[in-house]
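One-letter residues, chain by chain:
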Amino acid sequence: MRRLFLLLIALLAVACSPSPPDAGQRYDAWRQHADAGELADYERLLAQAGVREVVPMSALLRSSRRWRTCDAPEFLLPPREKAAAIVPVLRVIAQLERLGIVEGGNARSGYRSVELNHCSGGSSRSRHLLNNALDFDLVDDTRVQALCDFWRTQGSSLGMGLGFYTPTMIHIDTAGHRTWGTDHHRGTSLCVSPVGRSSDAAPNRRTP
């Protein structure tokens with residue numbers, strides 16, 4: 001009986017404890033302490049380029065999937081001199097959104113500092129360092145075929161780079177028409193190999 005009583009007390013304590021803040025709440029808290037002028041300038045630049053609404057700022061400024069592991073800020077503003085580099089990437093994303101392939105709110109990594117990029121497993125030539133890349137989670141792997149079709153037909157004119165960490169974790173940049181899988185080689189890209197092949201590769205490979 002005593003055990004049951006203690007179990008009930010524990011369950012009540014868990015039920016009454018506040019829920020941890022979600023990503024939106026964490027972004028709002030970060031924004032309160034961010035440089036308001038620089039953030040406003042970045043939003044203005046995106047608005048003037050017509051891409052302000054493509055990816056919510058709370059997703060666009062996510063630094064890395066591994067921000068907790070790396071003990072890094074979850075959100076990062078790019079330096080002013082690198083701010084405009086994201087515009088062509090967002091224009092690609094806008095097209096992918098219209099086709100129902102990518103959802104802007106599912107951006108997982110944008111600009112990274114050198115230290116965070118290294119901790120995240122990024123290459124020394126990562127486009128994240130230049131604010132010219134975004135990583136996304138796809139809703140499911142049924143989007144892969146449409147994504148690859150887009151890359152094949154539109155990628156050359158857009159300079160679109162497409163990388164796969166898994167069938168649903170992807171990288172997009174505008175540093176040139178190329179594709180790769182988890183080992184950063186073309187042969188393991190899901191646009192070249194069957195869906196699922198890259199998911200068997202080690203997850204710690206260095207990424208662009």
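How each quantity is defined
Residues numbered from 1 in each chain as written. Predicted model: local features only at pLDDT ≥ 70, side-chain atom pairs only at ≥ 80, totals over all residues. Heavy atoms only, no water. Buried < 20%, exposed > 50% of the residue type's maximum accessible area, 1.4 Å probe, protein only. Helix = DSSP H or I, 4+ residues; strand = E, 2+ residues; numbered from the N terminus. Pairing = 2+ DSSP bridges. Salt bridge = Lys/Arg side-chain N within 4 Å of Asp/Glu carboxyl O. Contact = heavy atoms within 4.5 Å. Expected span 1.5 Å × (residues − 1). Core = buried A, V, L, I, M, F, W, Y, C linked by side-chain atoms within 4.5 Å.

A. Spotlight on the pairing of strand β4 (residues 169–173). In terms of residue burial, β4 counts as a mostly covered element, since 4 of its 5 residues are buried. Across 5 bridges, the pairing between strand β2 (residues 133–137) and β4 is antiparallel. Each bridged residue has a counterpart across the sheet, and for L134 the counterpart in β4 is I172. By the bridge criterion, 4 bridges tie strand β3 (residues 161–164) to β4 in an arrangement that is antiparallel. In the sheet register, G163 faces β4, and the bridge partner there is H171. Taken together, β3 and the strand that follows it, β4, pair antiparallel across an intervening segment of 4 residues.

B. Broad picture of the pattern of salt bridges. Under the counting rule described, the total for this entry stands at 12 salt bridges. A salt bridge links D137 to R65; the shortest N-O distance between them is 2.6 Å. You can see D137 sitting in strand β2 and its partner R65 sitting in the loop between α4 (57–60) and α5 (87–98), a full 72 residues away along the chain. By relative accessible area, which is 30% here, R65 ends up partly exposed. Each of E38, D41, R44 and R80 takes part in a single network of salt bridges with overlapping partners.

C. Quick peek at unusual backbone geometry. Phi at D71 takes a positive value of approximately 55°, unusual for a residue other than glycine. When you line up the elements, D71 lands in the loop between α4 and α5. Positive phi values are uncommon outside glycine, yet H184 reaches one of about 65°. Along the chain, the position of H184 falls in the segment after β5 (178–180). By relative accessible area, which is 36% here, H184 ends up partly exposed.

D. Up close: the environment of S58. Mapped onto the elements, S58 comes out in helix α4. Take S58: its relative accessible area is 24%, and that puts it in the partly exposed class. Each C-alpha atom, one on S58 and one on G24, is 6.6 Å from the other, the two residues being 34 residues apart in sequence. If we ignore the near neighbours within four places in the chain, the residues touching S58 are Y27 and F75.

E. Spotlight on α5. With 12 residues, α5 extends 17 Å from end C-alpha to end C-alpha; this agrees with the ideal 16 Å at 1.5 Å per step. Among all positions in α5, only V87, V89, L90, V92, I93, A94 and L96 are buried. Elements in contact with the buried residues of α5: α3 (36–48), α4, β2, α7 (144–158) and β4. G100 sits one or two positions beyond α5 and adopts a positive phi of about 75°.

F. The nonpolar core, seen in detail. Core analysis: the biggest nonpolar cluster contains 42 residues, and I93 and L96 have the highest contact counts within it. Sorting the residues of this core by element identifies α2 (23–33), α3, α4, α5, β2, α7, β3 and β4 as the ones contributing at least two each. With 7 residues, the top contributor of residues to this core is α5. When near neighbours in sequence (up to four residues on either side) are disregarded, I93 contacts V54, V55, V102, L134, F136 and I172. With 5 residues, the next largest nonpolar core counts C70, A72, L76 and Y111 among its residues.

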